Amino acid sequence: MKRLAILGSTGSIGTQALEVIAAHPGKFEVEVLSAHRNTALLIEQARKFKPNAVVVTDENKYKEVKDALLMLPIKVFAGQQALADVVQWESIDTVLGAIVGFAGLHSILAAIDAGKRIALANKETLVVAGELVMQRAKEKGATIIPIDSEHSAIFQCLVGEDMNKVEKLILTASGGPFLGRKPNYLVNVKASHALQHPNWNMGAKISIDSATLMNKGLEIIEAKWLFGVENDKIEVVIHPQSIIHSMVQFSDGSIKSQMGLPDMKVPIQYALAFPERIPNTYKRLDFKEHSKLTFEPADYKTFRNLAIAKDALYKGGNAPCVLNAANEVVVHAFLQNKVGFLEMSEMIEKTMECVEFIEHPTLEEYIHSDAEARTYTTEFLKKSQLSIY
Ligand code: NDP
Ligand code: MG
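Keep in mind it's a predicted model, so treat the numbers as computed, not measured.

Draft legend 1. Highlighting the packing of aromatic side chains. Using the criterion set out here, one finds eight aromatic pairs in the structure. Measuring from centroid to centroid gives 5.2 Å for Phe-155 and Phe-274, while their planes differ by 80 degrees, and the two rings are edge-to-face. Residue Phe-155 is located in helix 7 (residues 149-158), and its partner Phe-274 is located in the loop between helix 12 (265-273) and helix 13 (304-315); the two are separated by 119 residues in the primary sequence. A cation over a ring is seen here: Arg-181 above Tyr-185, with NZ or CZ 3.8 Å from the ring centre.

Written out as C-alpha coordinates, the structure reads:
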(Lines give C-alpha, C1' and ligand atoms only; values in the text may rest on other atoms or scores of the structure.)
(Ligands and ions follow the chains in the order given, each with its own letter.)
Protein backbone atom coordinates (compact mmCIF):
# COMPACT_ATOMS: atom_id res chain seq x y z
CA MET A 1 0.00 0.00 0.00
CA LYS A 2 1.51 3.33 -1.06
CA ARG A 3 0.56 6.39 0.94
CA LEU A 4 0.18 9.47 -1.19
CA ALA A 5 0.03 13.25 -0.99
CA ILE A 6 -1.72 14.71 -4.02
CA LEU A 7 -0.72 18.35 -4.48
CA GLY A 8 -3.16 20.13 -6.77
CA SER A 9 -5.84 17.46 -6.40
CA THR A 10 -8.55 19.69 -7.92
CA GLY A 11 -6.78 20.15 -11.26
CA SER A 12 -6.81 18.12 -14.44
CA ILE A 13 -3.89 15.88 -13.35
CA GLY A 14 -5.05 15.82 -9.71
CA THR A 15 -8.57 14.60 -10.54
CA GLN A 16 -7.24 11.99 -12.97
CA ALA A 17 -4.81 10.79 -10.28
CA LEU A 18 -7.75 10.29 -7.95
CA GLU A 19 -9.52 8.30 -10.69
CA VAL A 20 -6.46 6.06 -10.93
CA ILE A 21 -6.39 5.62 -7.16
CA ALA A 22 -10.12 4.84 -7.01
CA ALA A 23 -9.68 2.23 -9.74
CA HIS A 24 -7.06 0.35 -7.67
CA PRO A 25 -8.46 -0.25 -4.21
CA GLY A 26 -5.87 -1.62 -1.79
CA LYS A 27 -2.93 -0.25 -3.79
CA PHE A 28 -2.92 3.37 -2.71
CA GLU A 29 -4.06 5.37 0.28
CA VAL A 30 -4.57 9.13 0.16
CA GLU A 31 -2.82 10.80 3.10
CA VAL A 32 -3.03 14.41 1.95
CA LEU A 33 -4.96 16.43 -0.62
CA SER A 34 -4.18 20.02 -1.56
CA ALA A 35 -6.06 22.65 -3.55
CA HIS A 36 -5.80 26.37 -4.02
CA ARG A 37 -9.28 27.86 -4.52
CA ASN A 38 -11.66 25.14 -5.61
CA THR A 39 -13.00 24.44 -2.13
CA ALA A 40 -16.19 22.72 -3.28
CA LEU A 41 -14.23 20.03 -5.11
CA LEU A 42 -11.61 19.72 -2.37
CA ILE A 43 -14.33 19.12 0.24
CA GLU A 44 -16.03 16.55 -1.99
CA GLN A 45 -12.69 14.76 -2.55
CA ALA A 46 -11.92 14.82 1.18
CA ARG A 47 -15.28 13.22 1.99
CA LYS A 48 -14.69 10.51 -0.58
CA PHE A 49 -10.99 9.68 -0.01
CA LYS A 50 -10.84 10.44 3.74
CA PRO A 51 -7.26 11.72 3.86
CA ASN A 52 -5.46 12.39 7.11
CA ALA A 53 -5.15 16.07 6.12
CA VAL A 54 -6.15 18.61 3.49
CA VAL A 55 -4.29 21.82 2.73
CA VAL A 56 -5.94 24.77 1.06
CA THR A 57 -3.12 27.01 -0.13
CA ASP A 58 -5.30 30.12 -0.48
CA GLU A 59 -5.51 31.08 3.19
CA ASN A 60 -8.79 32.98 2.71
CA LYS A 61 -10.51 29.66 2.08
CA TYR A 62 -9.46 28.03 5.34
CA LYS A 63 -12.64 28.62 7.34
CA GLU A 64 -14.91 27.34 4.61
CA VAL A 65 -12.99 24.05 4.34
CA LYS A 66 -12.53 23.70 8.10
CA ASP A 67 -16.27 24.18 8.75
CA ALA A 68 -17.28 21.75 6.03
CA LEU A 69 -15.02 18.98 7.37
CA LEU A 70 -15.63 19.65 11.07
CA MET A 71 -17.36 16.33 11.77
CA LEU A 72 -14.67 14.23 10.06
CA PRO A 73 -11.28 13.15 11.43
CA ILE A 74 -9.45 15.23 8.80
CA LYS A 75 -6.92 17.90 9.72
CA VAL A 76 -7.25 21.15 7.78
CA PHE A 77 -4.33 23.50 7.11
CA ALA A 78 -3.91 26.62 5.00
CA GLY A 79 -1.07 28.29 3.12
CA GLN A 80 2.01 27.34 1.09
CA GLN A 81 4.21 26.83 4.15
CA ALA A 82 1.67 24.45 5.70
CA LEU A 83 1.80 22.41 2.51
CA ALA A 84 5.61 22.32 2.61
CA ASP A 85 5.45 21.09 6.22
CA VAL A 86 2.79 18.46 5.63
CA VAL A 87 4.54 16.83 2.63
CA GLN A 88 7.42 15.96 4.95
CA TRP A 89 5.26 13.79 7.22
CA GLU A 90 6.64 10.33 7.77
CA SER A 91 3.30 8.76 6.90
CA ILE A 92 3.74 9.79 3.23
CA ASP A 93 5.71 7.66 0.73
CA THR A 94 4.99 9.43 -2.53
CA VAL A 95 4.18 13.04 -3.32
CA LEU A 96 2.35 13.69 -6.58
CA GLY A 97 3.18 17.23 -7.76
CA ALA A 98 0.28 18.51 -9.85
CA ILE A 99 0.22 22.17 -8.87
CA VAL A 100 0.53 24.40 -11.92
CA GLY A 101 3.46 26.79 -12.35
CA PHE A 102 6.20 28.21 -10.15
CA ALA A 103 3.79 27.92 -7.20
CA GLY A 104 4.59 24.19 -7.11
CA LEU A 105 8.32 24.61 -6.46
CA HIS A 106 8.32 25.22 -2.71
CA SER A 107 6.37 22.11 -1.72
CA ILE A 108 8.27 19.86 -4.14
CA LEU A 109 11.59 21.02 -2.70
CA ALA A 110 10.25 20.29 0.79
CA ALA A 111 9.24 16.79 -0.30
CA ILE A 112 12.69 16.26 -1.83
CA ASP A 113 14.35 17.41 1.39
CA ALA A 114 12.38 14.74 3.22
CA GLY A 115 13.62 12.12 0.72
CA LYS A 116 10.16 11.33 -0.66
CA ARG A 117 9.46 9.67 -3.95
CA ILE A 118 8.09 12.35 -6.28
CA ALA A 119 5.64 11.64 -9.09
CA LEU A 120 6.11 14.90 -10.96
CA ALA A 121 3.64 16.56 -13.31
CA ASN A 122 4.62 20.12 -12.37
CA LYS A 123 7.22 20.61 -15.12
CA GLU A 124 7.74 24.28 -14.18
CA THR A 125 9.62 23.10 -11.07
CA LEU A 126 12.33 21.60 -13.30
CA VAL A 127 12.23 24.45 -15.80
CA VAL A 128 12.76 27.05 -13.09
CA ALA A 129 15.37 25.32 -10.94
CA GLY A 130 16.19 21.98 -12.57
CA GLU A 131 19.86 21.97 -11.64
CA LEU A 132 19.15 22.67 -7.98
CA VAL A 133 16.16 20.31 -7.82
CA MET A 134 18.05 17.35 -9.31
CA GLN A 135 21.12 18.01 -7.17
CA ARG A 136 19.02 18.08 -4.02
CA ALA A 137 17.13 14.96 -5.03
CA LYS A 138 20.45 13.17 -5.44
CA GLU A 139 21.72 14.36 -2.07
CA LYS A 140 18.51 13.45 -0.23
CA GLY A 141 17.89 10.16 -2.02
CA ALA A 142 14.57 11.39 -3.46
CA THR A 143 13.50 9.68 -6.70
CA ILE A 144 11.67 11.74 -9.31
CA ILE A 145 9.38 9.87 -11.68
CA PRO A 146 7.89 11.97 -14.47
CA ILE A 147 4.17 12.13 -15.22
CA ASP A 148 4.44 14.38 -18.27
CA SER A 149 3.56 11.93 -21.05
CA GLU A 150 6.71 12.57 -23.14
CA HIS A 151 8.99 12.15 -20.17
CA SER A 152 7.13 9.12 -18.92
CA ALA A 153 7.64 7.63 -22.39
CA ILE A 154 11.38 8.36 -22.33
CA PHE A 155 11.67 7.07 -18.77
CA GLN A 156 9.98 3.82 -19.84
CA CYS A 157 12.25 3.51 -22.91
CA LEU A 158 15.32 3.93 -20.68
CA VAL A 159 14.48 1.18 -18.18
CA GLY A 160 17.32 -1.36 -18.39
CA GLU A 161 19.44 0.85 -20.67
CA ASP A 162 22.83 2.47 -20.22
CA MET A 163 22.60 6.30 -20.37
CA ASN A 164 26.04 6.39 -22.04
CA LYS A 165 24.50 4.62 -25.04
CA VAL A 166 21.82 7.25 -25.59
CA GLU A 167 22.35 9.20 -28.81
CA LYS A 168 19.31 11.42 -28.51
CA LEU A 169 15.92 11.92 -26.93
CA ILE A 170 13.13 12.65 -29.39
CA LEU A 171 10.20 14.50 -27.88
CA THR A 172 6.99 14.28 -29.86
CA ALA A 173 4.61 17.24 -30.03
CA SER A 174 1.05 17.23 -31.33
CA GLY A 175 1.52 20.75 -32.69
CA GLY A 176 -1.57 21.93 -30.79
CA PRO A 177 -4.75 23.44 -32.22
CA PHE A 178 -2.89 25.81 -34.57
CA LEU A 179 -0.62 23.34 -36.31
CA GLY A 180 0.16 24.56 -39.84
CA ARG A 181 -1.19 28.07 -39.16
CA LYS A 182 0.84 31.16 -40.02
CA PRO A 183 1.22 34.52 -38.21
CA ASN A 184 -1.49 36.27 -40.24
CA TYR A 185 -3.99 33.78 -38.76
CA LEU A 186 -2.51 33.60 -35.26
CA VAL A 187 -2.59 37.34 -34.76
CA ASN A 188 -6.35 37.19 -34.22
CA VAL A 189 -6.85 33.97 -32.23
CA LYS A 190 -8.51 34.22 -28.84
CA ALA A 191 -8.21 32.18 -25.64
CA SER A 192 -11.43 30.21 -26.25
CA HIS A 193 -9.98 29.02 -29.56
CA ALA A 194 -6.53 28.22 -28.17
CA LEU A 195 -8.05 26.16 -25.35
CA GLN A 196 -9.42 23.60 -27.84
CA HIS A 197 -6.61 21.06 -27.90
CA PRO A 198 -7.14 18.35 -30.53
CA ASN A 199 -5.92 15.36 -28.45
CA TRP A 200 -5.71 16.23 -24.76
CA ASN A 201 -8.09 17.76 -22.23
CA MET A 202 -5.87 19.69 -19.82
CA GLY A 203 -5.75 22.67 -17.47
CA ALA A 204 -5.96 26.17 -18.99
CA LYS A 205 -2.30 27.14 -18.64
CA ILE A 206 -0.82 24.05 -20.28
CA SER A 207 -3.46 24.21 -23.02
CA ILE A 208 -2.29 27.70 -24.00
CA ASP A 209 1.34 26.56 -23.71
CA SER A 210 0.50 23.73 -26.12
CA ALA A 211 -1.05 26.15 -28.59
CA THR A 212 2.05 28.40 -28.55
CA LEU A 213 4.48 25.42 -28.41
CA MET A 214 5.94 26.90 -25.22
CA ASN A 215 4.89 23.60 -23.65
CA LYS A 216 7.37 21.76 -25.87
CA GLY A 217 10.03 24.34 -25.06
CA LEU A 218 9.45 23.79 -21.34
CA GLU A 219 9.56 20.04 -21.94
CA ILE A 220 12.99 20.20 -23.60
CA ILE A 221 14.32 21.88 -20.47
CA GLU A 222 12.45 19.40 -18.27
CA ALA A 223 14.05 16.50 -20.21
CA LYS A 224 17.54 17.94 -19.88
CA TRP A 225 17.35 17.90 -16.10
CA LEU A 226 15.37 14.71 -15.65
CA PHE A 227 17.64 12.61 -17.83
CA GLY A 228 20.90 14.58 -17.50
CA VAL A 229 21.63 14.81 -21.23
CA GLU A 230 23.42 17.53 -23.18
CA ASN A 231 21.31 20.22 -24.83
CA ASP A 232 22.02 19.09 -28.38
CA LYS A 233 20.82 15.56 -27.66
CA ILE A 234 17.19 16.61 -27.34
CA GLU A 235 15.06 16.92 -30.47
CA VAL A 236 11.45 17.78 -31.16
CA VAL A 237 9.31 16.24 -33.88
CA ILE A 238 5.69 17.10 -34.62
CA HIS A 239 3.47 14.03 -34.50
CA PRO A 240 -0.13 15.26 -34.73
CA GLN A 241 -1.81 11.98 -33.66
CA SER A 242 -0.17 11.88 -30.18
CA ILE A 243 0.14 8.09 -30.30
CA ILE A 244 3.93 7.91 -29.98
CA HIS A 245 4.53 9.73 -26.71
CA SER A 246 8.30 10.10 -27.29
CA MET A 247 11.39 8.13 -28.29
CA VAL A 248 14.99 7.37 -27.43
CA GLN A 249 17.66 6.75 -30.08
CA PHE A 250 20.65 4.62 -29.02
CA SER A 251 24.24 4.45 -30.24
CA ASP A 252 23.50 1.48 -32.51
CA GLY A 253 20.83 3.49 -34.34
CA SER A 254 17.94 1.64 -32.69
CA ILE A 255 14.99 3.75 -31.63
CA LYS A 256 12.63 2.77 -28.84
CA SER A 257 9.26 4.46 -28.47
CA GLN A 258 6.40 4.24 -26.02
CA MET A 259 2.92 4.33 -27.54
CA GLY A 260 -0.68 4.38 -26.54
CA LEU A 261 -3.86 6.41 -26.78
CA PRO A 262 -3.50 9.91 -25.37
CA ASP A 263 -4.74 9.35 -21.81
CA MET A 264 -2.88 10.97 -18.89
CA LYS A 265 -4.18 8.30 -16.52
CA VAL A 266 -1.62 5.90 -18.03
CA PRO A 267 1.53 7.91 -17.18
CA ILE A 268 -0.01 8.92 -13.84
CA GLN A 269 -0.59 5.26 -12.97
CA TYR A 270 2.89 4.30 -14.15
CA ALA A 271 4.52 6.94 -11.92
CA LEU A 272 2.41 6.01 -8.90
CA ALA A 273 2.90 2.27 -9.23
CA PHE A 274 6.56 2.26 -10.39
CA PRO A 275 8.47 -0.07 -10.45
CA GLU A 276 5.34 -2.20 -10.75
CA ARG A 277 3.22 -2.16 -13.92
CA ILE A 278 -0.34 -2.66 -12.75
CA PRO A 279 -3.30 -3.64 -14.94
CA ASN A 280 -6.18 -1.34 -15.86
CA THR A 281 -9.17 -1.30 -18.18
CA TYR A 282 -8.55 1.97 -19.99
CA LYS A 283 -9.26 1.99 -23.73
CA ARG A 284 -6.53 0.26 -25.78
CA LEU A 285 -4.85 1.49 -28.92
CA ASP A 286 -6.20 -0.27 -32.00
CA PHE A 287 -3.81 0.18 -34.94
CA LYS A 288 -6.65 -0.46 -37.40
CA GLU A 289 -8.25 2.78 -36.19
CA HIS A 290 -4.93 4.66 -36.32
CA SER A 291 -3.47 3.53 -39.59
CA LYS A 292 -1.54 6.73 -40.23
CA LEU A 293 1.14 8.04 -37.91
CA THR A 294 2.81 11.14 -39.37
CA PHE A 295 5.82 13.28 -38.51
CA GLU A 296 6.99 16.73 -39.54
CA PRO A 297 9.47 19.35 -38.38
CA ALA A 298 8.37 22.03 -35.92
CA ASP A 299 7.84 25.54 -37.29
CA TYR A 300 10.19 27.55 -35.05
CA LYS A 301 9.61 30.74 -37.05
CA THR A 302 5.87 30.91 -36.53
CA PHE A 303 5.84 29.42 -33.03
CA ARG A 304 8.60 31.62 -31.67
CA ASN A 305 8.13 30.45 -28.09
CA LEU A 306 9.80 27.18 -29.00
CA ALA A 307 12.87 29.02 -30.30
CA ILE A 308 12.93 31.34 -27.28
CA ALA A 309 12.75 28.39 -24.88
CA LYS A 310 15.56 26.66 -26.72
CA ASP A 311 17.69 29.78 -26.39
CA ALA A 312 16.95 29.81 -22.65
CA LEU A 313 18.04 26.17 -22.44
CA TYR A 314 21.40 26.97 -24.06
CA LYS A 315 21.85 30.12 -22.03
CA GLY A 316 21.21 28.19 -18.82
CA GLY A 317 21.48 29.77 -15.35
CA ASN A 318 18.38 31.74 -14.44
CA ALA A 319 17.29 32.16 -18.10
CA PRO A 320 14.69 29.33 -18.01
CA CYS A 321 13.38 30.69 -14.71
CA VAL A 322 12.86 34.12 -16.30
CA LEU A 323 11.32 32.52 -19.38
CA ASN A 324 8.87 30.62 -17.19
CA ALA A 325 7.86 33.63 -15.10
CA ALA A 326 7.29 35.84 -18.14
CA ASN A 327 5.31 33.05 -19.77
CA GLU A 328 3.08 32.56 -16.72
CA VAL A 329 2.26 36.28 -16.73
CA VAL A 330 1.46 36.51 -20.45
CA VAL A 331 -0.57 33.29 -20.46
CA HIS A 332 -2.64 34.60 -17.56
CA ALA A 333 -3.23 37.82 -19.54
CA PHE A 334 -4.02 35.93 -22.75
CA LEU A 335 -6.63 33.84 -20.92
CA GLN A 336 -8.36 37.12 -20.08
CA ASN A 337 -7.96 38.34 -23.69
CA LYS A 338 -5.64 41.11 -22.51
CA VAL A 339 -2.77 40.30 -24.87
CA GLY A 340 -2.53 38.94 -28.40
CA PHE A 341 -1.30 35.44 -29.21
CA LEU A 342 1.83 36.61 -31.03
CA GLU A 343 2.51 39.44 -28.60
CA MET A 344 3.13 36.85 -25.88
CA SER A 345 6.46 35.86 -27.47
CA GLU A 346 7.53 39.50 -27.81
CA MET A 347 6.95 40.17 -24.13
CA ILE A 348 8.77 37.04 -23.03
CA GLU A 349 11.76 37.99 -25.19
CA LYS A 350 11.81 41.54 -23.88
CA THR A 351 11.66 40.30 -20.29
CA MET A 352 14.57 37.97 -20.91
CA GLU A 353 16.65 40.91 -22.09
CA CYS A 354 15.90 42.88 -18.91
CA VAL A 355 16.57 40.46 -16.06
CA GLU A 356 20.21 40.16 -15.07
CA PHE A 357 21.81 36.82 -15.95
CA ILE A 358 23.00 34.58 -13.10
CA GLU A 359 24.94 31.47 -14.05
CA HIS A 360 24.48 29.32 -10.95
CA PRO A 361 21.61 30.80 -8.97
CA THR A 362 20.82 29.90 -5.38
CA LEU A 363 17.20 29.19 -4.48
CA GLU A 364 16.82 32.78 -3.23
CA GLU A 365 18.17 34.06 -6.55
CA TYR A 366 15.69 31.92 -8.49
CA ILE A 367 12.88 33.34 -6.38
CA HIS A 368 14.19 36.85 -6.96
CA SER A 369 14.59 36.33 -10.74
CA ASP A 370 11.04 34.98 -10.91
CA ALA A 371 9.66 38.04 -9.12
CA GLU A 372 11.75 40.48 -11.15
CA ALA A 373 10.67 38.89 -14.43
CA ARG A 374 7.01 39.09 -13.40
CA THR A 375 7.38 42.80 -12.68
CA TYR A 376 8.93 43.50 -16.09
CA THR A 377 6.36 41.48 -18.01
CA THR A 378 3.50 43.10 -16.13
CA GLU A 379 4.95 46.52 -17.06
CA PHE A 380 5.18 45.55 -20.73
CA LEU A 381 1.58 44.37 -20.62
CA LYS A 382 0.42 47.64 -19.08
CA LYS A 383 2.29 49.66 -21.70
CA SER A 384 0.86 47.63 -24.55
CA GLN A 385 -2.67 48.04 -23.20
CA LEU A 386 -2.16 51.78 -22.89
CA SER A 387 -1.01 51.95 -26.47
CA ILE A 388 -4.24 50.26 -27.64
CA TYR A 389 -6.48 52.97 -26.14
P1 NDP B 1 -4.90 22.70 -13.56
O2 NDP B 1 -4.97 24.17 -13.79
O3 NDP B 1 -6.00 21.85 -14.07
O4 NDP B 1 -4.75 22.42 -11.98
C5 NDP B 1 -3.82 23.11 -11.22
C6 NDP B 1 -3.89 22.69 -9.76
O7 NDP B 1 -2.98 23.52 -9.03
C8 NDP B 1 -5.25 22.89 -9.12
O9 NDP B 1 -5.44 21.92 -8.13
C10 NDP B 1 -5.12 24.27 -8.48
O11 NDP B 1 -6.01 24.48 -7.37
C12 NDP B 1 -3.68 24.23 -8.02
N13 NDP B 1 -3.10 25.57 -7.93
C14 NDP B 1 -3.24 26.61 -8.79
N15 NDP B 1 -2.55 27.67 -8.37
C16 NDP B 1 -1.97 27.31 -7.19
C17 NDP B 1 -1.16 28.01 -6.25
N18 NDP B 1 -0.79 29.28 -6.42
N19 NDP B 1 -0.75 27.33 -5.15
C20 NDP B 1 -1.12 26.05 -4.95
N21 NDP B 1 -1.89 25.35 -5.79
C22 NDP B 1 -2.31 25.98 -6.91
O23 NDP B 1 -3.50 22.22 -14.14
P24 NDP B 1 -3.12 20.79 -14.77
O25 NDP B 1 -3.62 19.70 -13.90
O26 NDP B 1 -3.43 20.80 -16.21
O27 NDP B 1 -1.52 20.86 -14.67
C28 NDP B 1 -0.82 20.67 -13.47
C29 NDP B 1 0.66 20.53 -13.79
O30 NDP B 1 0.84 19.33 -14.54
C31 NDP B 1 1.22 21.66 -14.66
O32 NDP B 1 2.53 21.93 -14.27
C33 NDP B 1 1.20 21.07 -16.06
O34 NDP B 1 2.19 21.61 -16.90
C35 NDP B 1 1.48 19.61 -15.77
N36 NDP B 1 0.97 18.69 -16.79
C37 NDP B 1 -0.36 18.62 -17.04
C38 NDP B 1 -0.86 17.78 -18.02
C39 NDP B 1 -2.34 17.66 -18.25
O40 NDP B 1 -2.75 16.81 -19.06
N41 NDP B 1 -3.20 18.43 -17.63
C42 NDP B 1 0.04 16.96 -18.84
C43 NDP B 1 1.43 17.08 -18.47
C44 NDP B 1 1.87 17.92 -17.48
P45 NDP B 1 -7.53 25.04 -7.52
O46 NDP B 1 -8.06 24.52 -8.81
O47 NDP B 1 -8.18 24.48 -6.31
O48 NDP B 1 -7.46 26.54 -7.48
MG1 MG C 1 3.70 16.75 -22.14
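Draft legend 2. Region of the structure containing the coordination of the magnesium ion (ligand 2). Here the magnesium ion (ligand 2) is held by the protein donor atoms Asp-148 (OD), Glu-150 (OE) and Glu-219 (OE), which lie 2.1 to 2.2 Å from it. Ordering the donors of the magnesium ion (ligand 2) by residue number gives the pattern D-x1-E-x68-E. Of this pair, Asp-148 sits in the loop between strand 7 (144-146) and helix 7 while Glu-219 is found in helix 11 (residues 214-227), placing the two residues 71 residues apart along the sequence.

Draft legend 3. Local environment of helix 6 (residues 123-140). Compared with an ideal rise of 1.5 Å per residue, which puts 18 residues at 26 Å, helix 6 spans 20 Å between its outermost C-alpha atoms and falls more than 12% short. The axis of helix 6 is deflected most strongly, by about 105 degrees, at Ala-129. Buried residues of helix 6: Lys-123, Glu-124, Thr-125, Leu-126, Val-127, Val-128, Ala-129, Gly-130, Leu-132, Val-133 and Ala-137, and no others. Once helix 6 ends, the next one or two residues include Gly-141, with phi positive near 70 degrees.

Draft legend 4. Examining the nonpolar core more closely. Counting 128 residues, the largest nonpolar core has Leu-96 and Leu-323 as its most contacted members. The leading source of residues in this core is helix 14 (residues 319-335), at 11 residues. The residues contacting Leu-96, other than those within four sequence positions of it, are Ala-5, Ile-6, Leu-7, Ile-13, Ala-17, Ala-119, Ile-147, Ile-268 and Leu-272.

Draft legend 5. How the structure looks around the site of ligand 1. Near ligand 1, the surroundings consist of 25 residues, among which Thr-10, Ser-12, Ile-13, Asn-38 and Glu-124 are the closest. Val-100 has a polar backbone atom sitting 3.5 Å from an oxygen atom of ligand 1. Contact between ligand 1 and Asn-122: an oxygen atom at 3.5 Å from a side-chain N or O atom of the residue. Across the complex, the protein chains shield 86% of the 900 Å² of accessible surface that ligand 1 would expose by itself.

Draft legend 6. Seen up close, the pattern of salt bridges. Within the structure shown, the criterion is met by 23 salt bridges. Taking the shortest distance from any N to any O, the salt bridge between Asp-113 and Arg-136 comes out at 2.9 Å. One end of the pair, Asp-113, is in helix 5 (residues 105-113); the other, Arg-136, is in helix 6, and 23 residues separate them in sequence. Asp-299 serves as the salt-bridge partner of Lys-182, at 2.9 Å between the closest nitrogen and oxygen. One end of the pair, Lys-182, is in the loop between strand 8 (166-173) and helix 8 (183-186); the other, Asp-299, is in the loop between helix 12 and helix 13, with 117 residues separating them in the sequence. The exposure class assigned to Lys-182 is partly exposed, which follows from its relative accessible area of 44%. Overall, Asp-299 belongs to the partly exposed group, its relative accessible area being 25%. One salt-bridge network, in which partners are shared between bridges, spans Lys-123, Asp-148, Glu-150, Lys-216 and Glu-219.

Thresholds, definitions, all that
Residues numbered from 1 in each chain as written. Chains lettered and ligands numbered in written order. Predicted model: local features only at pLDDT ≥ 70, side-chain atom pairs only at ≥ 80, totals over all residues. Heavy atoms only, no water. Phe/Tyr/Trp six-rings, centres within 6.5 Å; stacked < 30°, edge-to-face > 60°. Helix = DSSP H or I, 4+ residues; strand = E, 2+ residues; numbered from the N terminus. Lys NZ or Arg CZ within 6 Å of the ring centre and 35° of its normal. Donors = N, O, S within 2.8 Å, 3.2 Å for Na, K, Ca; no water. Expected span 1.5 Å × (residues − 1). Bend = angle between axes of the 7 residues up to and from the residue. Buried < 20%, exposed > 50% of the residue type's maximum accessible area, 1.4 Å probe, protein only. Core = buried A, V, L, I, M, F, W, Y, C linked by side-chain atoms within 4.5 Å. Contact = heavy atoms within 4.5 Å. Near = heavy atom within 4 Å. Polar contact = N/O pair within 3.5 Å; in protein donor to acceptor, adjacent residues only side chain to side chain. Areas by Shrake-Rupley, 256 points an atom, 1.4 Å probe, with all protein chains shown as cover. Salt bridge = Lys/Arg side-chain N within 4 Å of Asp/Glu carboxyl O.

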